[in-house]
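# Results of the structural survey
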There are 2 protein chains.
Amino acid sequence: MMGGDFAPAEPLKGIQQYLDEVVAPAHLHLIGDSAQLETLLATYTIPASTFSITHAPDVIGMQEHPTKALKEKPKSSIAVGFYLLATGKIDAFISAGNTGAMLVGSLYSLKPLEGVLRPTISTLIPKENGGTGLLLDVGLNADCKPEHLNQFATMGSVYAQAILGISQPRVALLNIGEEEGKGNLLCQAAYPLLKENKHIHFVGNVEGRDVLLDKADVMVCDGFTGNIILKLAESLFEITRAKGIMHDYFDRFDFEAYGGTPVLGISKPVIIGHGIAKGNAFKNKILLAQKMLEKDVMQKLAFEIAS
Amino acid sequence: MMGGDFAPAEPLKGIQQYLDEVVAPAHLHLIGDSAQLETLLATYTIPASTFSITHAPDVIGMQEHPTKALKEKPKSSIAVGFYLLATGKIDAFISAGNTGAMLVGSLYSLKPLEGVLRPTISTLIPKENGGTGLLLDVGLNADCKPEHLNQFATMGSVYAQAILGISQPRVALLNIGEEEGKGNLLCQAAYPLLKENKHIHFVGNVEGRDVLLDKADVMVCDGFTGNIILKLAESLFEITRAKGIMHDYFDRFDFEAYGGTPVLGISKPVIIGHGIAKGNAFKNKILLAQKMLEKDVMQKLAFEIAS
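Residues numbered from 1 in each chain as written. Chains lettered and ligands numbered in written order. Predicted model: local features only at pLDDT ≥ 70, side-chain atom pairs only at ≥ 80, totals over all residues.

### Side note on the overall build of chain A
- Tallying secondary structure elements over chain A gives 11 helices and 10 strands in all.
- Compactness check: chain A gives a C-alpha radius of gyration of 19 Å against a globular reference of 19 Å for 307 residues, within 12% of the reference.
- For chain A, the spread of C-alpha atoms along the principal axes amounts to about 60 × 45 × 40 Å.
- Burial status across chain A gives 50% buried among its 307 residues.
- Summarising the internal contacts of chain A: among those between residues at least 6 apart in sequence, 68% fall at separations of at least 24. (Helix = DSSP H or I, 4+ residues; strand = E, 2+ residues; numbered from the N terminus. Rg over C-alpha atoms; globule rule 2.2 N^0.38 Å. Buried ≥ 20, exposed ≤ 12 C-beta atoms within 10 Å, placed from the backbone. Contact = placed C-beta atoms within 7 Å.)

### Here we look at the relation of the copies chain A and chain B
- Rotating chain A by 180° and moving it 0.0 Å along the rotation axis overlays it on chain B with an RMSD of 0.0 Å. The operation mapping one copy onto its partner corresponds to a two-fold rotation axis. The C-alpha atom lying nearest the rotation axis in chain A is that of Thr-225 of chain A; the distance is 3.0 Å. (Least-squares fit on C-alpha atoms with pLDDT ≥ 70 in both.)

### Re the nonpolar core
- Judged by nonpolar contacts, the single largest core of 178 residues is most densely connected at Met-219, Val-220 and Ile-229 of chain A together with Met-219, Val-220 and Ile-229 of chain B.
- Excluding residues that lie within four positions of it along the chain, Ile-229 of chain B makes contacts with Gly-208, Ile-228 and Leu-232 of chain A together with Leu-135 and Val-211 of chain B. (Core = buried A, V, L, I, M, F, W, Y, C linked by C-beta atoms within 7 Å.)

### Quick notes on the interface of chain A and chain B
- Contact residues are listed per partner, giving 30 residues for chain A and 30 residues for chain B.
- Ranked by the residues each element gives to the side of chain A that touches chain B, the list is headed by helix 8 (residues 223–242) of chain A, at 11 residues.
- A per-class count over the side of chain A that touches chain B returns 15 nonpolar, eight polar and seven charged. (Nonpolar A, V, L, I, M, F, W, Y, C, P; charged D, E, K, R; others polar.)

### Looking at the domain arrangement of chain A
Residues and elements named next belong to chain A.
- Assigned domains within chain A: domain 1 (1–116 + 265–296 + 303–307) and domain 2 (117–254).
- Distance between the C-alpha centres of domain 1 and domain 2: 26 Å.
- In this complex, domain 1 contributes 12 residues to the contact, which on the side of domain 2 involves 12 residues.
- When residues of the side of domain 1 that touches domain 2 are traced back to their parent elements, those giving at least two are helix 5 (99–109), helix 10 (279–294) and helix 11 (297–306).
- Here the element with the most residues in the side of domain 1 that touches domain 2 is helix 5; it accounts for three residues.
- Grouping the amino acids of the side of domain 1 that touches domain 2 by side-chain chemistry returns seven nonpolar, two polar and three charged. (Domains from an automatic or database assignment.)

### A short note on the sheet that holds strand 6 (residues 170–174) of chain A
Residue and element names in this part refer to chain A.
- Strands sit in the order 3-10-9-4-5-8-6-7 across an open sheet of eight strands; the sheet is mixed. In the strand order of this sheet, the two ends are held by strand 3 (93–95) and strand 7 (201–206), each with one partner. With direction set aside, neighbouring strand axes in the sheet form an average angle of 25°.
- In the sheet, strand 4 (residues 120–126) pairs with strand 9 (residues 260–264) via two bridges, with the strands oriented antiparallel. Pairing of Thr-120 across the sheet is with Leu-264, part of strand 9. (Pairing = 2+ DSSP bridges. Axes fitted to C-alpha atoms, helices over the stretch in contact; angles between N-to-C directions.)

### So, the packing of helix 6 (residues 146–162) of chain A against helix 7 (residues 185–196) of chain A
All names here are of chain A.
- Interhelical geometry of helix 6 versus helix 7 gives an angle of 50° and a closest axis separation of 8 Å. Between helix 6 and helix 7, the angle is such that the two are oblique. Our pair here, helix 6 against helix 7, has a crossing hand that is right-handed. Residues Pro-146, Glu-147, Leu-149, Asn-150 and Ala-153 of helix 6 pack against Leu-186, Ala-189, Ala-190, Leu-193 and Leu-194 of helix 7.
- Here the residues of the contact of helix 6 with helix 7 are counted per class, giving eight nonpolar, one polar and one charged. (Parallel < 35°, antiparallel > 145°, perpendicular 65-115°, else oblique. Left-handed = near helix turned anticlockwise from the far one by under 90°.)

### A few points about the sheet that holds strand 6 (residues 170–174) of chain B
Residues and elements named next belong to chain B.
- Read across the open sheet, the eight strands follow the order 3-10-9-4-5-8-6-7; overall the sheet is mixed. The outermost strands of the open sheet, each flanked by one partner alone, are strand 3 (93–95) and strand 7 (201–206). Direction aside, the axes of adjacent strands within the sheet are offset by 25° on average.
- Where strand 9 (residues 260–264) meets strand 10 (residues 270–273), three bridges bridge the pair, whose relative direction is antiparallel. Bridge pairing links Gly-260 to Gly-273 in strand 10.

### Here's the deal with helix 7 of chain A
Residues and elements named next belong to chain A.
- Here helix 7 has its buried residues at Leu-186, Cys-187, Ala-190, Tyr-191 and Leu-194. Looking down the long axis of helix 7, one finds its buried residues gathered within 130° of arc, a one-sided arrangement. Facing away from the buried surface of helix 7 by more than 90 degrees, the exposed residues are Leu-185 and Glu-196.
- The elements touched by buried residues of helix 7 are helix 6, strand 6 and strand 7. (Arc of directions from axis to C-beta.)

### Structural notes on unusual backbone geometry
All names here are of chain A.
- The step from Ala-7 to Pro-8 runs through a cis peptide bond, and the omega angle for that step is -5°.
- Within the secondary structure, Pro-8 is located in the segment before helix 1 (9–21).
- Residues Leu-136 and Asp-137 are joined by a peptide bond in cis, for which omega reads 0°.
- Phi at Asp-296 takes a positive value of approximately 55°, unusual for a residue other than glycine.
- On the basis of neighbour count, Asp-296 is assigned to the exposed category, with 12 C-beta atoms found within 10 Å.

### A few points about helix 8 (residues 223–242) of chain B
- Between its first and last C-alpha atoms helix 8 of chain B spans 28 Å; for 20 residues at 1.5 Å apiece the expected length is 28 Å, and the two agree.
- Residues of helix 8 of chain B that are buried in the fold lie against strand 6 and helix 8 of chain A together with strand 4 (120–126), strand 5 (132–136), strand 6 and helix 9 (248–251) of chain B.
- Two residues or fewer past helix 8 of chain B, Gly-244 of chain B is found with a positive phi of approximately 70°. (Expected span 1.5 Å × (residues − 1).)

### Remarks on the pairing of strand 1 (residues 28–32) of chain B
All names here are of chain B.
- In terms of burial, strand 1 is largely enclosed, as four of its five residues are buried.
- Relative to strand 2 (residues 51–55), strand 1 runs parallel, the two being bridged by five bridges. Considered in strand 2, the bridge of Leu-30 is made with Ile-53.
- Regarding topology, helix 2 (residues 34–41) serves as the crossover connection from strand 1 to the parallel strand 2, and that connection is right-handed. (Right-handed = clockwise from strand over helix to strand, strands pointing away.)

### A word on the environment of Ile-272 of chain B
All names here are of chain B.
- Tracing the backbone shows Ile-272 in strand 10.
- In sequence terms Ile-272 and Ile-94 are 178 residues apart; their C-alpha atoms lie 6.1 Å from each other.
- Excluding its chain neighbours within four sequence positions, the residues that come into contact with Ile-272 are Ser-95, Thr-99, Met-102, Gly-260, Thr-261 and Val-263.

### Description of the packing of helix 8 of chain A against helix 8 of chain B
- Closest axis-to-axis distance for the helix 8 of chain A/helix 8 of chain B pair is 10 Å, and the angle between their directions is 30°. Judged by the angle between their axes, helix 8 of chain A and helix 8 of chain B are roughly parallel. For the pair helix 8 of chain A and helix 8 of chain B, the sense of crossing is right-handed. Every residue of helix 8 of chain B that contacts helix 8 of chain A at Phe-224, Thr-225, Ile-228, Ile-229 and Leu-232 of chain A is listed here: Phe-224, Thr-225, Ile-228, Ile-229 and Leu-232 of chain B.
- Residues that form the contact of helix 8 of chain A with helix 8 of chain B fall into these classes: eight nonpolar, two polar and no charged.

This is the structure we're talking about:
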């Protein structure tokens, strides 16, 4: 409840929206300063039976060093959240707080799924034809090995199937050049692995000019490249808004509206949101976590990686 | 004269425009099928004293394998052009033909400047505030070492000074994360070299969200990342046009209008254009080659790299 630039008011608004819209809502555990939350809750019409409050008096600031802050602030809402998740008190954990702390918590409080070499984070890509693609890794793994890209492909494919509802996701390698054998050393070595990967429908290389086109549903790359693309795409939204360029297409670059990004390859859903998240984004994050649990995404990932 | 989708008509239009606009034009060597060129020239008002024709009966197609085609077609306009350049018959070489053949020719017909580890190609980046930045490498060097990025920085800085007219170019490392020590292994190792580089004004890391902002005049990255960004930016122009999103800012993503990109780090100007180049782009390519010669860009590059 304490994460993001507008906490705890916007998280609470999101909860209100979630409870208003969803027929069978999950039980929500609100982690944060209980006095502050209770005062604020008095102004909402949220039934007491739908939530529990877990008191966490500390907050990890957006600029704090993740590992250091997690260690020094065991009573911060993020540290408490990971404790509850790791001990099975909650099934999924959502925050728009310090991204680094959320990633460090995901990697070190939880176990990676059996056989997962590197957990990964992804972003949704608004295709120019109205479709939505998935790009991963977008920053958790700056340096990758070919076998990492190959696992990102499998994990991205499972996620696209279960969450985006794409029955046979087309998986592509983000590369420079179209043919097999092109690209940097990483892509040259990853291509044959992807071609042999029986868990995915591999459609070959896509280039930078294809990222926004509907050439593939899942695009894999190292986290350096993916993060540059993600942040460039985010800046496009801001630039078009600042210049008054209004168009449906650029509305879809409002990544904040999507909710958040899950960490894939770990044992439980962790959803990381933008610091600027508003109520609607918090609602979407809760919905995403719920869908990941309902669709057994973690079990499916574990099965595909292990088999 | 035979390079690009609309050759030789558009190259000739560009020459006409160039001669109409420039007070002290260079002497132009037109390389291509002489019969075809002479027939077409009869319909233009280009004074015979301003050009010479060098007959080259062959053409390297846009889809041909660069190295193979250059070897098997010594009488192609590109092969003849590099022969004339290497033997000092011409001072600069311009083509909108097969990009790969132009790059192979640049690297193997000409010498790299003394001390240059890897020649590089760049692209202009339209900044949201109206300014123009330089991004390099954009595809010639898919895998880079830290010392390559450091040289790209020096070469980009010289180019931005001489050609873009920026007196003290701000040079940045394209990275994920703002602080020193962030990023992939390449960036972590390149940062201290850039910091110590006395030939540049290093301003630190920029991120993907800064690419289109005015944070730096020159941004260096490996050719894989740069090529992805270049092609993504090119696709933005096409997507906005296709959707009827008209705005001055996206007009500036029409990379075709810029003319072409020079290969930096070799002994003479080679300007590579887009296949779809029209007359105006050819005019701009000639102007760029002339400016590179007039501003002694090659000598300045050689001096900065050697000292």
